[in-house]
Each structure stands twice: as structure tokens, then as C-alpha cells.
Amino acid sequence: AEMPQAVADKINDALFATDKAGRVVYGPFATAGEEGGCVKQTFAGAVPTRKELLKMKATVAKAGIDTSTCCFVMTETTKAELEDVKVDSGSGRFLCENDRILGLPVFCTDVIGEGNIGFGDWVYQASGFFGAMNFVVDPYSLSLEDSTRFVLNTDFATITLRPEAFVLGVKTGGGA
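Here the structure is a predicted model, which means the values were calculated and not measured.

### Side note on the sheet that holds strand 2 (residues 71–74)
Adjacent strands of a sheet pair through backbone hydrogen bonds, lying either parallel or antiparallel. Across the sheet, which stays open at both edges, the 7 strands sit in the order 1-9-6-2-5-4-3 with mixed pairing between neighbours. Strand pairing shows two members of the sheet lacking a second neighbour, strand 1 (39–42) and strand 3 (96–97), which therefore form its edges. Of the strand pairs in this sheet, strand 3 and strand 4 (residues 100–101) are connected by 2 bridges, and their pairing is antiparallel. By the bridge assignment, C96 is partnered in strand 4 with I101.

What follows is the structure, encoded as C-alpha cells:
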């Protein structure tokens, strides 16, 4: 159970990173605001408004992307803050309800960074494993610690097919 989760964590670390520093493999948000990269949008405050989240969606839609298959990416803390932002003064509804914002799913990961919100259609982020996968069980190198080392080696690659399918929103003063 731990090995597949470790692989998923490593892939998420690459796909949702907001900078390329020290990385060979990275996703669309690492190129936010760069020439040929995805759009970078700065929020007016620490917590985005409904209008700012709608602007992210509209930016992707203007590029000809069907937003019905998009999702938001943020930390659990940011999601919790949006679960407390009222849509209006009378309905009792909140911006984030049932793990959805504007009817679209929310994926949570700490990798994206506190205060950052990604939006996009992951159909346009191709990825795959290439070559052989090697799994080594090494009961010797950590014998003094009475431990066994498990090593999984594989080749993974990803590429953003359409950067315009993604937007990275950052809080004011955020350095994503």
C-alpha cells in the first residue's frame, strides 16, 4: 500500500509544483506567467472571491477549452477558507460545497502551496511511464538499523499539450 502511494505522491509533487527550480519533470503551473506557459492571475486578497474564480474559468473557456471537465487544485486549508465564503447573503450557500466550486471538483494537495489555486483541464497534461519498472528489496544496506530498504525505479514524463488550458491563481504578495 505504501509503494503505490509513494509513486502517486511523487507524481503529484511534479504535476502540481509552482516552480521549476531543481526539477526535470513538472506540470503546467511551474510555467505560470512565462512566455508559452499557463496564465498567472493574482487575487486581490488572501482568499479569492467568487468573481476571481469565475475569471479563472472564463480564461480557460476563452481559449476554446470545454470547462465541464476542468477541476480546481488547492490545499486543504485554502479549501476550508472557501467553505466559509458565502455566495450571497440569503441562501446559506458557500463558495465551496461538497468538494466542488462552481460545480467543478476540487483536488487538494499541499504541493501547490498555500494560497495558490490552480484551474484547468488535465486532459491537456499528457503523462506516462516508460521502460521497465524495477523493484529492489534490500535487507542488507540498513542492517545496522534493523531495517529493509525498498527501492522502485521507473521513468515518468509529462508534457503540457495546451498551456492555455490552465490558470494559476496566487494570493496577493504570493510568490508562486
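### Side note on helix 2 (residues 50–62)
The end-to-end C-alpha separation of helix 2 is 18 Å, in line with the 18 Å expected for 13 residues at 1.5 Å each. Among the residues of helix 2, E52, L53, M56 and V60 are the ones counted as buried. Each buried residue of helix 2 sits inside an arc of 105° when the element is viewed along its axis, so together they form one side. Facing away from the buried side of helix 2 by over 90 degrees, the exposed positions are K51, K55 and K62. Check the buried side of helix 2 and you find it contacts strand 1, strand 2, helix 3 (76–82), strand 4, strand 6 (117–120) and strand 9 (166–170). Among the residues trailing helix 2, G64 stands out with phi positive, at a value near 90°.

### Remarks on helix 1 (residues 2–15)
Relative to the 20 Å expected for 14 residues at 1.5 Å per residue, helix 1 spans 20 Å between its end C-alpha atoms, a close match to the ideal helical length. Regarding helix 1, the residues found buried are I11, A14 and L15. When helix 1 is viewed along its axis, its buried side chains cluster within an angular range of 95° and face the same direction. Away from its buried face by more than 90 degrees, helix 1 exposes E2 and K10. Each element contacted by the buried residues of helix 1 is listed here: strand 7 (125–138) and strand 8 (149–160).

About the thresholds
- Residues numbered from 1 in each chain as written.
- Predicted model: local features only at pLDDT ≥ 70, side-chain atom pairs only at ≥ 80, totals over all residues.
- Heavy atoms only, no water.
- Pairing = 2+ DSSP bridges.
- Helix = DSSP H or I, 4+ residues; strand = E, 2+ residues; numbered from the N terminus.
- Expected span 1.5 Å × (residues − 1).
- Buried < 20%, exposed > 50% of the residue type's maximum accessible area, 1.4 Å probe, protein only.
- Arc of directions from axis to C-beta.
- Contact = heavy atoms within 4.5 Å.

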